[in-house]
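Below are the chains, spelled out letter by letter.
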Amino acid sequence: MTDGNGKGKILTISSETEFIKSVEKVLKPRFQVLFASTEEEGLTKARLERPDAIVLGYLEPRGSSFRLHNRLRSGWITKHIPLVVVDLHIKSSPHRTWTRDEALQMDAEEYITISADGTQSISRAIESAGLIDAIGSRLKSKANLLKEAILDPEIFCVTWEQIPGRGAFEIQQETVIENVNHAAKGGMVHAISVTDNPGGNPALSTEMLCAQIKKTNMEPLVHLASRDKNRNEIESMLYGLAAEGVRNILVLTGDYPSKDAFEGMPKPVFDIDPVNVLRLVKIMNRGLEHQVMGKSITLAPTEFFAGVCVSPFKKLEAEVITQYAKLKKKIVAGADFIITQVGYDIRKVHELLQWLKLKGFDVPVLANIYILPYGVAKAMNANRIPGCVVTDKLVQDIALEREEKDKGKSARLLRAAKQYAMARGIGCSGAHIGGHGITYEMVEYIVKKGDELSRNWRDLIMEFQYPQENGFYFFEEDDVKGLNRETPSPRIEKMPVPISYRFSRLAHVIMFNEKIWYFKLVQRFLNFIDRKPKLKKIFGYLEHLAKTALFGCMNCGDCALFDAAYLCPMTQCPKQQRNGPCGGSYGGWCEVFPGERKCIWVRAYHRLKAFGEEGKIEEHIVPPCNWALFETPSWLNFYLGRDHTAKRLGIKAP
C-alpha cells in the first residue's frame, strides 16, 4: 500500500533505537517509514497497516526476531508481504545479532548481514550494504508482472490460455502444470490464463489451479464467469484469491451450462453480470464498507487487476452497437484491460481500437490469437462454440492446408504469428494465445516469428480480410490501408416496431413518469395499498397477471423493463443480462436458442432506434436484481422508492 504521495510504505521492526534511526535516515527520502519496537507491536502493525515491505532487525529478548519472522511468514495476512531481514553486527553489541542457526534458516534473497566496525556510521553501513536495493528486489518479486507488462508501452504482453478438464487427477491437469513450468522457465509469457468451466462443463476449479500456478512464480489470470456463482460466492472467491496473492481476473458472463453435468443440466445462476462484478471489484480495491452490529466496517483494500472480453466480430449492426454499449459500461465500472473474442478479421480488431479512441478510453487491448485446426474451425463456423467467428472462406483455406505433409500445423502456427504481428502493428498492447494441444515451443515460435514479421505488418493485412457476408462495421473502410477510417459507418439497419412496444411507451408516460402532475397522488394511494396486506396481495396478483401476459414476467419485483425497451431480461434472456448482450449471439440469434429466439438486446436496439433513442442502452449501469423484492408488486416498489429505477430517479416513499 502507498501513502497519499505515492510512496511505498515500509515497516521497520527492531528494539535497537540506533538501528531504527539509521534505517529511517536511509529510507525516508524514498519511502514512508513506520516503526515497531517489540514482537507484538510489529505483528500488529504488519497486520493492520499491510506495508509494502518489512525490514526486520534485532529484537529483545534474543530469539524474538526469529520467532516474529516465522509468524510473519505463516500469517494469513502477512505471508505475502516482502520481508528483508537485517542482521546488524556492532562491536559494541556483539550479542545482539541473529544466531548462526537462525541465519541459516533464512531465505538468502531476504537476508542481509551488515557489519559496523566503528569507522563509519551505522546508517552509512546500512546504505553501503544495499538495503534499498534489497527492498527493491523484494518488492519486484511481489510485483504484478501481468499488470506491468500490459501497462508498459514498451512491452508487448503475452498471455497463454490453459483449459483444465474435468477431474482432479487427469492427464490434462498434469499437462497444464507442465505448460506452466515451461512458460516460467522460457520467460516469453507474462501470465497463464485459466478458463472457468469452459463450454459450461464442470472442470477443475480455476481459482484453486491459479493458486497453485502462483507458487511457480508465474502470474495467473483467473477467468471468472458468473454462470455458476451468485454474488456472494463471487465475493467469497475474490477474497480467497486476494489472500493467495492472485490479483489478475478476467470477468466474463460465461457459456450457458452444458447438459453434461451430474444428473443432467444444472440450473444457471447468472445472478450478477460482468458490469456489476467489476463494480464489486472496484469497491473491494478501495476497501469494501459493510455493516456489522450497526457499525460501519471497512475491509482492507484488495489489488485486483480486472479484464473483460468483447466480441467486435459480430455481423449485424444491432449486435455490434450493443456490444460496444456494454463495453462502455464495463469500462466505466472499472475494466483495466480488454481481450477480444476469437475472430480472424483484422478490420474488426482495428475497429475496437478506433472505437476506444473515439470514446476517449485509454484501455489496453489484447488480441485473441487462437491456433485454429480444421475440426475446431468447422465447429466455430457452425456456431457450436458460441461467440467465436470463423467464416466459410477461412474454413476453405484451412481445408487446403490440411493437404500438406504436416496436416497444416506449420500453416496454423504461421497464421498465428501473422496475427501477432498485425496486432502489434495496429496498436494492441498484447496477445492472448490459445488453442488445444499447444506447447510452449509453439508459443515461443509465434512470439519470435510474430516479432520478426511485425516490422512489415502492413503487408499482411489483406491476408486477414475475412468479412462476414453483408456484415456491419462500426467505421468506414480505408480502401488504401485495408483497415478503417475514423468516420463511423451509416447505420441503416431497420426492423418493424411492434404495437406492444408503442403501447408500453405510452403506458410509461401515463403511469410511470415521476415528473407528471398526478404522480404524488398515485404514490399516496399505492402507499395506502402497500400498508394493507390483503389489498397488497390482490394488487400484486393483478399486476403479475397483466405483466405475465404482456412481458412474460417472473415477478422479480425489481423490474428491468424500463432498461431493455420493455423486454424482460429476466425471462426473455436465458443469461438474465440486464446491462447488454453477452458475447454469444450469432446473426442476431440468442446463443441458447439459435434460430428460435432473437437476442433481446438486438430487439431492444431496433425498438429504441426507431425513436432515435438507441444511445439509452449505454446511459446507465443497471444493478443486479435485488431478490429481497422477489414476488412483491414491482409497481409498488417503483412508486415507493424500493427498486433500482426509483433509486436512480431519486423517488422516495411519501
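> Can you tell me about the overall build of the protein chain, naming the residues and giving the values?
Helix and strand counts for the protein chain come out as 23 helices and 17 strands. Projected onto the principal axes, the alpha-carbon positions of the protein chain cover approximately 95 × 75 × 50 Å. Counting every atom, the protein chain has about 30800 Å² of accessible surface; 54% of that belongs to carbon and sulfur.

> How would you sum up a nonpolar patch on the surface? Please name residues and give values.
Taken together, Leu506, Val509, Ile510 and Met511 make up a surface patch of nonpolar side chains, about 340 Å² in accessible area. Classification of methionine 511 by relative accessible area gives partly exposed; the value is 33%.

> Go over the pairing of strand E6 (residues 157–162) with me, naming the residues and quoting the values.
Burial within E6 is extensive, with 6 of its 6 residues counted as buried. Here E6 pairs with strand E7 (residues 191–194) via 4 bridges, running parallel. Among the inter-strand pairings, threonine 159 is bridged to a residue of E7, identified as alanine 191. Between the parallel pair E6 and E7, the chain is carried across by helix H8 (residues 171–186), and the sense of this crossover is right-handed.

> Quick one: what's the story with the packing of aromatic side chains, residue by residue and with numbers?
Counted under the stated rule, the structure contains 22 aromatic pairs. Both rings, one in tryptophan 160 and one in tyrosine 440, keep their centres 6.2 Å apart while their planes meet at 50 degrees; by these two values the pair is tilted. One end of the pair, tryptophan 160, is in strand E6; the other, tyrosine 440, is in helix H17 (residues 440–453), and 280 residues separate them in sequence. For the pair tryptophan 160 and tyrosine 440, one class covers both residues: buried. On the numbers, 5.1 Å between centres and 90 degrees between planes, the contact of tryptophan 517 with tyrosine 518 is edge-to-face.

> Please provide a residue-by-residue account of the environment of serine 489, values included.
By secondary structure assignment, the location of serine 489 is in the loop between strand E17 (484–488) and helix H18 (499–511). Along the primary structure serine 489 and alanine 318 are separated by 171 residues, whereas in three dimensions their C-alpha atoms are 13 Å apart. Apart from the residues lying within four places of it in its own chain, the contact partners of serine 489 are Phe472, Tyr473, Phe474, Phe475 and Glu476. Polar contacts involving the side chain of serine 489 include one to the main-chain carbonyl oxygen of tyrosine 473, which spans 2.9 Å. Within the structure, the side chain of serine 489 is placed 3.0 Å from the backbone oxygen of phenylalanine 475, a separation counted as a polar contact.

> Lay out the side chain of asparagine 383 in plain terms, naming residues and giving numbers.
Summarising the element assignment, asparagine 383 is placed in the loop between helix H14 (374–381) and helix H15 (392–401). Here asparagine 383 is in contact with Tyr586 and Pro594, once residues within four sequence places are set aside.

> Outline the side chain of glutamate 219, listing residues and values.
Within the fold, glutamate 219 resides in the loop between helix H9 (206–214) and strand E8 (220–225). On the basis of relative accessible area, glutamate 219 is assigned to the buried category, the value being 5%. Separated by 3.3 Å, the side chain of glutamate 219 and the backbone nitrogen of leucine 145 make a polar contact. In terms of polar contacts, glutamate 219 uses its side chain to reach the side chain of lysine 214, at 3.2 Å. Beyond its immediate sequence surroundings of up to four residues, glutamate 219 is in contact with Ala143, Asn144, Leu145, Leu146, His190, Ala191, Ile192, Lys214, Arg247 and Asn248.

> I'd love a proper account of the state of the cysteines, names of residues and values included.
In protein chemistry, a disulfide is the covalent bond that joins the sulfur atoms of two cysteines. As enumerated under the stated definition, the model contains 0 disulfides in all. Summary of cysteine pairing: cysteine 210 is not part of a disulfide, and the nearest cysteine sulfur, belonging to cysteine 157, is at 15 Å. Counting only cysteine sulfurs, cysteine 573 is the nearest neighbor of cysteine 590, a cysteine outside any disulfide, at a range of 6.5 Å. On the basis of relative accessible area, cysteine 590 is assigned to the buried category, the value being 10%.

> Mind laying out the nonpolar core, listing which residues take part and the relevant values?
In a soluble, globular protein the nonpolar side chains are often hidden away together inside. Formed by 105 residues in total, the largest nonpolar core has its most connected members in Val189, Ile192, Leu238, Ile249, Leu327, Ile338 and Cys428. Residues in contact with isoleucine 338, not counting those within four places in the same chain, are Val308, Val310, Leu327, Ile331, Leu352, Leu356, Val363, Pro364, Val365 and Leu366.

> Could you give me a rundown of helix H19 (residues 519–530), with the residues and numbers involved?
Taking 1.5 Å of rise per residue, the 12 residues of H19 would be expected to cover 16 Å, and the 16 Å separating its terminal C-alpha atoms lies within 8% of that figure. When we look at burial in H19, the residues that qualify are Phe519, Gln523, Leu526, Asn527, Ile529 and Asp530. Taken end-on, H19 shows its buried residues confined to a sector of 155 degrees, consistent with a single buried face. Residues of H19 that are exposed and point over 90 degrees away from its buried face: Leu521, Arg524 and Phe525.

Criteria and cut-off values
- Residues numbered from 1 in each chain as written.
- Predicted model: local features only at pLDDT ≥ 70, side-chain atom pairs only at ≥ 80, totals over all residues.
- Heavy atoms only, no water.
- Helix = DSSP H or I, 4+ residues; strand = E, 2+ residues; numbered from the N terminus.
- Areas by Shrake-Rupley, 256 points an atom, 1.4 Å probe, with all protein chains shown as cover.
- Patch = residues over 30% accessible without salt bridge, like charges linked within 9 Å, V, L, I, M, F, W, Y side chains within 5 Å.
- Salt bridge = Lys/Arg side-chain N within 4 Å of Asp/Glu carboxyl O.
- Buried < 20%, exposed > 50% of the residue type's maximum accessible area, 1.4 Å probe, protein only.
- Pairing = 2+ DSSP bridges.
- Right-handed = clockwise from strand over helix to strand, strands pointing away.
- Phe/Tyr/Trp six-rings, centres within 6.5 Å; stacked < 30°, edge-to-face > 60°.
- Contact = heavy atoms within 4.5 Å.
- Polar contact = N/O pair within 3.5 Å; in protein donor to acceptor, adjacent residues only side chain to side chain.
- Disulfide = S-S within 2.5 Å.
- Core = buried A, V, L, I, M, F, W, Y, C linked by side-chain atoms within 4.5 Å.
- Expected span 1.5 Å × (residues − 1).
- Arc of directions from axis to C-beta.

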